[in-house]
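# Understanding the architecture of this molecule
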Amino acid sequence: LAEAMAIGKPGIATGVGAIPEFVENGRVGLLVKPMDPPSMAEAIRDLISDPKAWEEKGQRAYQSIQKFSGVNMGIAFSNLLSREKK
């Protein structure tokens, strides 16, 4: 999911675990109920049938997932360690 978002594709997933932390429902992709294949199929159909929404959500997904890049996570971790030393 993160890899798809990193290349500008909207995320479609179930809202379990940490997924809602990086897939903002309706903004960068769609979240569906767990164990609900019809809802997943409907979400996929909705995005495929609306190229403008696909593109817009994909662009926002790309921008959103950058905060989880290796570089940005390294900076955040370094900042955290710096605060711990003080």
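What comes next is a walk through the structure. (Residues numbered from 1 in each chain as written. Predicted model: local features only at pLDDT ≥ 70, side-chain atom pairs only at ≥ 80, totals over all residues. Heavy atoms only, no water.)

## Overview of the overall build of the chain
- Along the backbone of the chain there are 5 helices and 2 strands.
- Mapped from its N terminus to its C terminus, the chain presents α and β elements in the order α-β-α-β-α-α-α.
- Based on the C-alpha atoms only, the size of the chain along its principal axes is roughly 50 × 25 × 15 Å.
- Long-range pairs, those at least 24 residues apart, make up 45% of the contacts in the chain between residues at least 6 apart in sequence.
- Put simply, the chain shows about 5,900 Å² of open surface, and 59% of that area lies on carbon and sulfur atoms.
- One way to put it: in the chain the 11 positive side-chain charges average out to a point 7 Å from where the 10 negative ones average out. (Helix = DSSP H or I, 4+ residues; strand = E, 2+ residues; numbered from the N terminus. Contact = heavy atoms within 4.5 Å. Areas by Shrake-Rupley, 256 points an atom, 1.4 Å probe, with all protein chains shown as cover. Lys, Arg positive; Asp, Glu negative; His and termini not counted. Charge placed at Lys NZ, Arg CZ, Asp CG, Glu CD.)

## Regarding the nonpolar core
- M5, F22, V23, V28, A61 and I65 form the largest nonpolar core, which has 6 residues in total.
- Residues in contact with V28, not counting those within four places in the same chain, are M5, P10, G11, F22, V23, K57, R60, A61 and S64.
- Residues L30, V32, A43 and L47 belong to the second largest nonpolar core, which totals 5 residues. (Core = buried A, V, L, I, M, F, W, Y, C linked by side-chain atoms within 4.5 Å. Buried < 20%, exposed > 50% of the residue type's maximum accessible area, 1.4 Å probe, protein only.)

## Regarding the side chain of K57
- Tracing the chain through its elements places K57 in helix α4 (residues 51–65).
- One buried charged residue, K57, forms no salt bridge at all, with the nearest opposite charge on E56 at 6.1 Å.
- Residues contacting K57, with those up to four places away along its chain left out, are P10, G26, R27, V28, G29, L30 and L47. (Salt bridge = Lys/Arg side-chain N within 4 Å of Asp/Glu carboxyl O.)

## Focus: the pairing of strand β1 (residues 11–14)
- Alternating positions in β1 separate cleanly, G11 and A13 being buried on one face and I12 and T14 remaining unburied on the opposite face.
- With 4 bridges connecting them, β1 and strand β2 (residues 29–32) associate as parallel partners. Each residue of the ladder has a partner; that of G11, found in β2, is G29. (Pairing = 2+ DSSP bridges.)

## Brief notes about the pattern of salt bridges
- Evaluated as defined, the whole model comprises 2 salt bridges.
- One salt bridge in this structure joins E24 and R27, with 3.5 Å as the shortest N-O distance.
- According to the relative accessible area criterion, E24 is partly exposed, its value standing at 32%.
- A salt bridge links K52 to E56; the nearest nitrogen and oxygen atoms lie 4.0 Å apart. Note that K52 and E56 are positioned in helix α4 at a spacing of 4 residues, about one turn of the helix.
- Looking at K52, the relative accessible area reads 59%, which means it is exposed.

## Observations regarding the environment of L31
- On the secondary structure map, L31 appears in strand β2.
- Look at L31 and you get partly exposed, because its relative accessible area is 23%.
- Separated by 28 residues in sequence, L31 and Q59 place their C-alpha atoms 17 Å apart.

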